[in-house]
Amino acid sequence: MTYTYTPHGVCSKQITIEVNDDETIESISFLGGCHGNLQGISALAKGRSIDEVIAVLRGIDCRGRGTSCPDQLANALEQIKAEL
């Protein structure tokens, strides 16, 4: 299933996440933000469980914003988990 999330407080404008039936991540793409870093995060998350990625990314801060693109991805995954 494919989900779209609008992040808040970061440079990225949209996160698209494809999740498999077993709650593993198939793919992630970001619109905007630091392209190379976000490609790396997407590649590292692929094939991992939603819970594992949330645990690793939750609370990462970018320049004192209180959030970051990885933290916003964790928010998105928590919303997805609640829907499953």
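Thresholds, definitions, all that
Residues numbered from 1 in each chain as written. Predicted model: local features only at pLDDT ≥ 70, side-chain atom pairs only at ≥ 80, totals over all residues. Heavy atoms only, no water. 1 Å grid on protein atoms, 1.4 Å probe; cavity = no way out; pocket = protein on both sides within 12 Å on 5 of 7 lines; lining within 4 Å. Points joined across faces, edges and corners; volume = space filled by probe spheres on them. Helix = DSSP H or I, 4+ residues; strand = E, 2+ residues; numbered from the N terminus. Pairing = 2+ DSSP bridges. Axes fitted to C-alpha atoms, helices over the stretch in contact; angles between N-to-C directions. Contact = heavy atoms within 4.5 Å. Buried < 20%, exposed > 50% of the residue type's maximum accessible area, 1.4 Å probe, protein only. Polar contact = N/O pair within 3.5 Å; in protein donor to acceptor, adjacent residues only side chain to side chain.

Now, about the layout of surface pockets: what can you tell me, with residues and values included?
In this approach the atoms are scanned with a rolling probe the size of a water molecule, which exposes any empty space left behind. Of the volumes computed, that of the largest pocket is approximately 220 Å³. Every residue lining the largest pocket is counted, 13 residues in all, and those nearest its centre are C34, N37, C62, C69 and P70. Elements represented by at least two residues in the lining of the largest pocket include exactly α1 (35-45) and α3 (69-83). Looking at the lining of the largest pocket element by element, the count peaks at three residues for α1.

An account of the sheet that holds strand β2 (residues 14-19) is needed here, citing residue identities and associated values.
Spatial ordering of the open sheet is given by β1-β2-β3, a layout of three strands whose pairing is antiparallel. Each edge of the open sheet carries a strand with a single partner, namely β1 (2-5) and β3 (25-31). Ignoring strand direction, the axes of neighbouring strands in this sheet form an average angle of 15°. Docked against the sheet, α3 engages β1, β2 and β3, running at close to 45° with respect to β2.

So, the side chain of S68: which residues are in play, and what are the values?
Following the sequence through the fold, S68 ends up in the loop between α2 (50-57) and α3. On the basis of relative accessible area, S68 is assigned to the buried category, the value being 2%. Of the polar contacts made by the side chain of S68, one reaches the backbone oxygen of I60; its length is 2.7 Å. Of note is the side chain of S68, whose polar atom sits 3.1 Å from the backbone nitrogen of D71. Apart from residues no more than four positions distant in its own chain, S68 is found in contact with V10, I60, D61 and C62.

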